[in-house]
Amino acid sequence: MKRTFPFLIGLSVLLVLFLVLRGVGNRYYYFASYVILQYVLLATAWNILGGYTGYVNFGTPAFFALGAYTAVLLILLFKAPLPVLIVAGGLVGGLLGLGIGYLTLRLKGVFFSIATLALAVVLQTMVVNWEYVGGAKGINIFRPPSPPWFSNYVEFLFLVMGVLAVASVTVAWWIERSWIGRGLAAIRDNEEAAECMGVPTLKLKLLATTVSGFLLGVAGAPFPYYVTLVEPASAFDLNYAVNSLAMPMIGGTTTWMGPVVGAVLLGTAQQVATVTISSELNLLIVGVVLVGFVILAPQGIVGLVRKVWKERTA
Amino acid sequence: MSGFLLEVRNVTKRFGGFTALNTVSLQVKEGERFGLIGPNGSGKTTLINCISGALRNDGGQILFRGRDIAALPAHQRTRLGIARSFQIPKPFASMTVLQNLCIPLEYAANPTSHGADVPAEAMEILRLIGLHAKAHAMSVGLNQIEMRKLELARAMAARPKLLISDEGMAGLSSGEVDDILNLLFKLNEGGITIVMIEHIMRAVMRFSERIVVLDAGEKIAEGTPDEVVNNKAVEKAYLGE
């Protein structure tokens, strides 16, 4: 299959979704769908390190907020346009990813996870004490006028986030099918054996953490324009850590499809629950579903479907 | 040039205050069947880890084909031609048997090309080892002897010049030991130098042309199997005074 093929399919799906939403005409749906697409991006990015390589990163909020605050800074300093914000957010996230990549030299398993969690706390403390970007009380960001063809800016942001999500899934798809993905899987299964079988484990781990960090940073870059009030508590929200881990686990961590399935299902359930029941229920839903999956279908939905399919055909 | 395929010169390895290897030297000739024995905790696996790159030696030199490799990471040593099997099998659990072999074929044997013939080559090795019937089985579902064969096959897939078998027969029945021994003889005839670490004396005595004995991190004897068996120091190390 050609490398651009999944990207084009993803774009077509996105376009159909966009036209449907336009037909419905309710602005709230763009708002809600943006969050779901953002989770597709976050879950996919997380999975490149957590699912493919086997290093569980609890620091998603650190990368996401770093992307968001890089954008805030560039808006304040230069009124930089959105594409610049996205690239810059990605680069800074990628740099942080490279940093945690070197952590993997000494920290494995749960110790690595704890370190990434601490990273989020440290960064949040720094931002809280940095007045220029709003400190603890946050900062107001004014949206630019919406581009032609779009009736409002959120509609435009929805499409931007959609393209980013499709691009990230394409990257994951490509990694999974390439020699890089096979090397990452070997590292996940047994790092020592992988190294002894010729896999340059450090190089591949650095690649995984950098790509994952880049995409997590990218996800945060449009955030200031989406919320318009950026404050540390929401940018460093623990929800990002929990969801970006739970969504691939529920969908299935070994394929690109897993995070997408998990993000769409769980993200939609959360959005529906927020409107119909209460916004506090989100984490409870995630928790219950995650526990259920870990017990009943540890390979996630994709794994479960494959197993059933195999038994049917065998 | 030293003329040896592998030359270990005065290698020392310490873990904190404990000296696991104390100025150990040995030489392995090209095409040789070499045995490394010693009581539990004598430093055999530590030495193997230093040679394969899983550990860095604190002193001394390790030369492979005349080149000092002590500074190279493990994966580069594998690409140069040193492959090992693990004492406790470490299969890639999420992969099939065939896929397990594709990793070293792709990364060690053909690291620049990432060629497309890899599955066919893997199948060929599985046939040689006698594991082709299980090619598409998940590696975690294998039994003990199959797991050992997979370890060997995977090491072979790195296309090594030197194969280090770290207790590749532990826990096998005597018929299965013969199975693995015959395999190793076959690989050796194919031109691969083999270093065997083994507790099963019957196997290592039959297999090796030359043996080095370690005890408490030091080399205490070296020679043909007969010489080693009749060596007083070896007897003392194994049986006491």
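A short tour of the structure in this document, coming up.

Procedures and definitions
Residues numbered from 1 in each chain as written. Chains lettered and ligands numbered in written order. Predicted model: local features only at pLDDT ≥ 70, side-chain atom pairs only at ≥ 80, totals over all residues. Helix = DSSP H or I, 4+ residues; strand = E, 2+ residues; numbered from the N terminus. Rg over C-alpha atoms; globule rule 2.2 N^0.38 Å. Buried ≥ 20, exposed ≤ 12 C-beta atoms within 10 Å, placed from the backbone. Contact = placed C-beta atoms within 7 Å. Axes fitted to C-alpha atoms, helices over the stretch in contact; angles between N-to-C directions. Parallel < 35°, antiparallel > 145°, perpendicular 65-115°, else oblique. Nonpolar A, V, L, I, M, F, W, Y, C, P; charged D, E, K, R; others polar. Core = buried A, V, L, I, M, F, W, Y, C linked by C-beta atoms within 7 Å. Pairing = 2+ DSSP bridges. Left-handed = near helix turned anticlockwise from the far one by under 90°. Expected span 1.5 Å × (residues − 1). Arc of directions from axis to C-beta.

Here we come to the overall build of chain B. From N to C terminus, chain B includes nine helices and ten strands. Relative to its length of 241 residues, chain B is compact, with a C-alpha radius of gyration of 18 Å against a globular reference of 18 Å. Dimensions along the principal axes, computed over C-alpha positions, put chain B at roughly 55 × 40 × 35 Å. The proportion of buried residues among the 241 residues of chain B is 46%. For chain B, the proportion of contacts with a sequence separation of at least 24, taken over those separated by at least 6, is 66%.

Right, let's talk about the overall build of chain A for a bit. Looking only at helices and strands, one finds 15 helices and two strands in chain A. Scaling as 2.2 N^0.38, a compact globule of 314 residues should have a C-alpha radius of gyration of about 20 Å, and chain A matches this with 19 Å. Taken over the C-alpha atoms alone, chain A extends approximately 55 × 45 × 40 Å along its principal axes. In chain A, buried positions account for 50% of the 314 residues.

On to the packing of helix H2 (residues 27-50) of chain A against helix H12 (residues 238-251) of chain A. All names here are of chain A. Contact geometry of H2 with H12 gives a least axis separation of 8 Å together with a crossing angle of 70 degrees. For the element pair H2 / H12, the angle class is roughly perpendicular. Facing H2, whose interface residues are Tyr-39, Leu-42, Ala-43, Trp-46, Asn-47 and Gly-50, H12 presents Tyr-240, Asn-243, Ser-244, Leu-245, Met-247 and Pro-248. Split into classes, the residues belonging to the contact of H2 with H12 amount to eight nonpolar, four polar and no charged.

The biggest cluster of nonpolar side chains holds 164 residues, and the ones touching the most others in it are Val40(A), Leu41(A), Leu42(A), Ala65(A), Ala68(A), Met197(A) and Ala153(B). Ranked by residue count, the leading element in this core is helix H6 (residues 153-177) of chain A, at 14 residues. If we skip the residues at most four places from it in the chain, Ala68(A) touches Gly220(A), Ala221(A), Phe223(A), Pro224(A), Val230(A) and Ala235(A).

Once that is clear, we can look at the sheet that holds strand E5 (residues 67-68) of chain B. Residues and elements named next belong to chain B. Taken in spatial order, the four strands of this open sheet run E2-E1-E4-E5, and their pairing is antiparallel. Both edges of this open sheet fall to strand E2 (18-28) and E5, since each of them pairs with a single strand only. When strand E1 (residues 6-15) meets strand E4 (residues 59-64), the two strands line up antiparallel, connected through five bridges. Directly across from Glu-7, in E4, lies its bridge partner Leu-63.

Moving on: the sheet that holds strand E7 (residues 162-166) of chain B. Residue and element names in this part refer to chain B. With mixed pairing, the six strands of this open sheet are ordered in space as E6-E7-E8-E3-E9-E10. One side of each edge strand has no neighbouring strand; the edge strands of this open sheet are strand E6 (82-85) and strand E10 (218-223). Averaged over all adjacent pairs, the angle separating strand axes in this sheet is 20 degrees, with direction ignored. Here helix H1 (residues 44-52) sits on the sheet in contact with strand E3 (33-37), E6, E7, strand E8 (193-197) and strand E9 (210-215), set at roughly 150 degrees to E7. Across the face of the sheet, helix H9 (residues 232-239) comes into contact with E9 and E10 while running at roughly 130 degrees to E10.

Residues and elements named next belong to chain B. Positionally, Gly-53 belongs in the loop between H1 and E4. Residue Gly-53 is classed as buried on the basis of its C-beta count, with 23 C-beta atoms lying within 10 Å. Along the chain, Gly-53 and Ala-70 lie 17 residues apart, while their C-alpha atoms are 7.6 Å from each other. Those residues within four positions of Gly-53 in sequence are excluded, and the remaining contacts are Leu-72, Pro-73, Ala-74 and Arg-77.

In this section: the pairing of E4(B). Residues and elements named next belong to chain B. With two bridges connecting them, E4 and E5 associate as antiparallel partners. Paired with Leu-63 across the strands is Asp-68, a residue of E5. Hairpin remark: E4 followed by E5, antiparallel, with two residues in the connecting loop; positive phi at Arg-65, about 50 degrees.

To continue, consider the interface of chain B and chain A. Between chain B and chain A, the residue contacts involve 23 residues of the former and 18 residues of the latter. Among the secondary structure elements, those contributing two or more residues to the side of chain B that touches chain A are helix H2 (74-80) and helix H3 (97-109) of chain B. Top element by residues in the side of chain B that touches chain A is H3(B). It accounts for six residues. Residues that form the side of chain B that touches chain A fall into these classes: 13 nonpolar, five polar and five charged.

Below, the discussion takes up unusual backbone geometry. If you check the backbone angles, Thr228(A) has positive phi at about 65 degrees while not being a glycine. Mapping Thr228(A) onto the fold places it in the loop between helix H10 (223-227) and strand E2 (229-230).

Now for the packing of H12(A) against helix H13 (residues 257-276) of chain A. To describe two helices that pack against each other, one gives the angle between their axes and the distance between the axes. Residues and elements named next belong to chain A. Between H12 and H13, the shortest axis-to-axis distance is 7 Å and the interhelical angle comes to 110 degrees. One element, H12, and the other, H13, form an angle in the roughly perpendicular class. H12 and H13 meet at a crossing whose hand is right-handed. Mapping the contact onto sequence places Asn-243, Ala-246, Met-247, Pro-248, Ile-250 and Gly-251 in H12 and Met-257, Gly-258, Pro-259, Val-260, Val-261, Gly-262, Ala-263 and Leu-266 in H13.

Residue and element names in this part refer to chain A. Taking 1.5 Å of rise per residue, 15 residues should cover 21 Å, and helix H14 (residues 282-296) covers 21 Å from first to last C-alpha, within 8% of that figure. Every buried residue belonging to H14 is among Asn-282, Val-286 and Phe-293, and all of these are buried. Along the axis of H14, the buried residues cluster in a sector spanning 40 degrees; they form a single face. Of the exposed residues in H14, those oriented more than 90 degrees away from the buried face are Leu-284, Gly-287, Val-288, Val-291, Gly-292, Ile-295 and Leu-296. Buried-residue contacts for H14 involve H12, H13 and helix H15 (300-313).

Moving on, we come to the environment of Leu163(B). Residue and element names in this part refer to chain B. Among the secondary structure elements, Leu-163 is positioned in strand E7. Considering only alpha carbons, one finds Leu-163 and Val-195, 32 residues apart in sequence, at a separation of 6.2 Å. Once residues within four sequence positions are removed from consideration, Leu-163 is found in contact with Ala-83, Ala-155, Leu-187, Ile-192 and Ile-194.

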